[in-house]
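# Breakdown of the fold
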Amino acid sequence: AKTLRLILGDQLNHHHSWFNKKDNEVTYIIMEVMQEQQYVKHHIQKIIGFFMAMRNFAEELRNEGHQIIYFRLDDEDNQQNFKENLKNLIEKLSIEKFEYQLPDEYRLDQQIKEICENLEIETQVFDTEHFYTSREDVKDFFKGKKQYLMESFYRDMRKKHHLLVDNKLEPFGDKWNFDHENRKKYDGKYPLKAPLLFKKDVSDIVKLLDDLKVDYFGNIKPKEFPYPTSRKEALKVLKYFCDELLPSFGRYEDAMLKEHHTLFHSCLSFSLNLKMISPKEVVDQVIDTWQANKKEIDIAQVEGFVRQVIGWREYMRGIYWDQMPAFASKNYLDNKTKLPSWFWDGKVKMNCLKYAINNSLDHAYAHHIQRLMVIGNFALLIGANPNEVDAWYLGVYADAVEWVQITNTRGMSQFADGGLIGSKPYVASANYINKMSNYCSGCKYDKNLRHGDKACPFNSLYWNFYIKHEDKLKKNARIGMVYRLLEKMDKSEIDTIVNQGNHYLSNLNSL
Ligand code: FAD
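Residues numbered from 1 in each chain as written. Predicted model: local features only at pLDDT ≥ 70, side-chain atom pairs only at ≥ 80, totals over all residues. Heavy atoms only, no water.

Here we come to the overall build of the chain. In terms of regular secondary structure, the chain is built from 21 helices and five strands. Relative to its length of 511 residues, the chain is compact, with a C-alpha radius of gyration of 24 Å against a globular reference of 24 Å. Dimensions along the principal axes, computed over C-alpha positions, put the chain at roughly 80 × 55 × 50 Å. Taken over 511 residues, the chain has a buried fraction of 57%. Partitioning the contacts of the chain with sequence separation of at least 6, the portion at a separation of at least 24 is 75%. (Helix = DSSP H or I, 4+ residues; strand = E, 2+ residues; numbered from the N terminus. Rg over C-alpha atoms; globule rule 2.2 N^0.38 Å. Buried < 20%, exposed > 50% of the residue type's maximum accessible area, 1.4 Å probe, protein only. Contact = heavy atoms within 4.5 Å.)

In structure tokens, the structure reads:
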């Protein structure tokens, strides 16, 4: 039967079994549509990264002999949404069967199901053949549990896939987890490497977006677009990571530096999330590299990385499919504060936020600890509305697709799920940020002060947060210590801290 196969922008998997054979009866459709530029306001580098990768993917498939239709955003017959474009194509090409791959986003999953229900031809859905797990695996694994402990899922994954375990399924290095060795400030012992950048000229796409008045934010150097946008380039990023960065990955995983925004992180999330490379090939190559270089690379570096990919990444996806759509409106702490304006222009005086936000605006990237312990920490301490926090994170990062963004943001970072993902809120005062970074030096604010003009806002906001949410948090055994400290504090000291925090809360735009 004459078949139309839809490929979404984050389904650029060259190794999908769809492409094993060329078939004149099959036409593939890939489209740039306004619908996808508008459901949230995106960073310009995110839009361009997706478009470039989609265009390259279409070109490669075409060169291999597949029949491809590609809609550019400014094509005349582009109706700017999936529904109408598909309807028109099915009619025009006299299509008899429509096929698609499971969308990873709930919104699109619903939409395409609905499109299918209204089609009069046969439809069929396929797996994306990307993840280790199915949509339901995490849900099944934690059946009946109140809290979804990542670590137990992760250990099960290690055994199931025979990764970093011996024949008796015992972990290499005699430990499952080397997390406590991954908490070093950068001490200069291992030299930093520049991230691998591709520097492509994308001026024509910038012009296209401007001509069509696409509403975007963030910064870009149009002649030096840095992202990998083909499988070949994604593989180069992986090789660069294995050769140059893996030996220090775990050690400095939580460190932050003014002078370097990627440190030893892999920068693979964009390539992975668009499926230009698979988690399995990433993990296999990392483990092979370690096995060939055990003198230079110790297990803590490798285990830390494998945990992120087979643990956190698969776990978050499973939580997403277990919890959506209700997850998207969770707000356990009833937070309502508007995000300050400097989330969009980077004009903030607190050094740590200045670096973390401007890294995000300049590169559509920030590493995990900047996302979690600087920006997310701040948003939670001010009681930011999780809808706004989600929209910002979903827009700003090039790797942001909802299944991995919302679970990390609303769940892990904002505690809006009431502790399903993290057993306590990820909040910290200036002390933590100073311990993990060099941001505090030269800052307008003093990391050691809790009140007064120069006091670092993180300190008073931290105590304010715990005081405000005492009814919900005090009963949490992992937090007891904080409340014991508060009980020992002078009443007048507490009042002064609360006043200081409230002062900052009323002046968020000028911090
Ligand atoms: P590395 O540090 O090199 O890690 C390797 C890989 O592990 C990553 O590429 C990623 O695929 C995976 N990984 C690491 N941590 C996580 C995690 N917590 N959840 C899922 N996968 C993980 N990641 C996204 O891909 N998209 C997002 O939109 C996103 N939003 C986030 C929002 C918040 C508030 C937080 C705290 C984290 C978010 N993350 C997100 C997870 C993580 O921060 C990024 O995956 C990582 O920073 C990407 O950079 P990297 O490839 O250099 O990662």
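Here the focus is empty space enclosed by the protein. Enumeration over the complete set of coordinates arrives at three cavities of 30 Å³ or more. Counted as a void, the largest cavity has a volume near 340 Å³. Around the largest cavity, the lining is made up of 22 residues, and of these Gly-9, Asp-10, Glu-36, Tyr-39 and Phe-50 lie nearest the centre. Elements that contribute at least two residues to the lining of the largest cavity include exactly α1 (34-38) and α2 (44-63). (1 Å grid on protein atoms, 1.4 Å probe; cavity = no way out; pocket = protein on both sides within 12 Å on 5 of 7 lines; lining within 4 Å. Points joined across faces, edges and corners; volume = space filled by probe spheres on them.)

The next point concerns the nonpolar core. Formed by 155 residues in total, the largest nonpolar core has its most connected members in Leu-353, Phe-378, Trp-392, Phe-458 and Tyr-466. Residues in contact with Leu-353, not counting those within four places in the same chain, are Trp-342, Val-348, Asn-358, Val-374, Ile-375, Phe-378 and Phe-458. Leu-8, Ile-29, Val-33 and Cys-116 belong to the second-largest nonpolar core, a separate cluster that totals 20 residues. (Core = buried A, V, L, I, M, F, W, Y, C linked by side-chain atoms within 4.5 Å.)

For the rest of this paragraph, the subject is the packing of helix α14 (residues 368-381) against helix α15 (residues 386-396). Packing of α14 against α15 brings their axes to within 11 Å, and their N-to-C directions diverge by 145 degrees. Between α14 and α15 lies a crossing whose hand is right-handed. Across the interface between the two elements, Arg-371, Ile-375, Gly-376 and Ala-379 of α14 pack against Val-389, Trp-392 and Tyr-393 of α15. Partitioning the contact of α14 with α15 into residue classes produces five nonpolar, one polar and one charged. (Axes fitted to C-alpha atoms, helices over the stretch in contact; angles between N-to-C directions. Left-handed = near helix turned anticlockwise from the far one by under 90°. Nonpolar A, V, L, I, M, F, W, Y, C, P; charged D, E, K, R; others polar.)

Of all six residues making up strand β2 (residues 26-31), six are buried, and the element is well covered by its neighbours. Here β2 shows a buried face lined by Val-26, Tyr-28 and Ile-30 and a second buried face lined by Thr-27, Ile-29 and Met-31. Where strand β1 (residues 3-7) and β2 come together, five bridges link them in parallel fashion. By the bridge assignment for β2, Arg-5 is matched with Tyr-28. Examined bridge by bridge, β2 and strand β3 (residues 67-71) share five bridges and lie parallel to one another. Along β3, the bridge assignment pairs Thr-27 with Gln-67. (Pairing = 2+ DSSP bridges.)

Around the ligand, a shell composed of 28 residues is seen, among which His-265, Ser-266, Cys-267, Asn-273 and Tyr-365 lie nearest. Between the ligand and the protein, one listed contact pairs an oxygen atom with a side-chain N or O atom of His-265 at 2.6 Å. Arg-371 is positioned such that a nitrogen or oxygen atom in its side chain is 3.4 Å from a nitrogen atom of the ligand. Protein chains bury 99% of the 810 Å² of accessible surface belonging to the ligand in isolation. The set of elements that each furnish at least two residues to the shell around the ligand consists of α9 (269-273), α11 (299-323), α14 and α16 (402-413). Sorting elements by how many residues they give to the shell around the ligand places α11 first, with six residues. Looking at side-chain class alone, the shell around the ligand contains 14 nonpolar, eleven polar and three charged residues. Built from parts of two domains, the shell around the ligand gets at least three residues from each of domain 2 (137-321) and domain 3 (342-510). (Near = heavy atom within 4 Å. Polar contact = N/O pair within 3.5 Å; in protein donor to acceptor, adjacent residues only side chain to side chain. Areas by Shrake-Rupley, 256 points an atom, 1.4 Å probe, with all protein chains shown as cover. Domains from an automatic or database assignment.)

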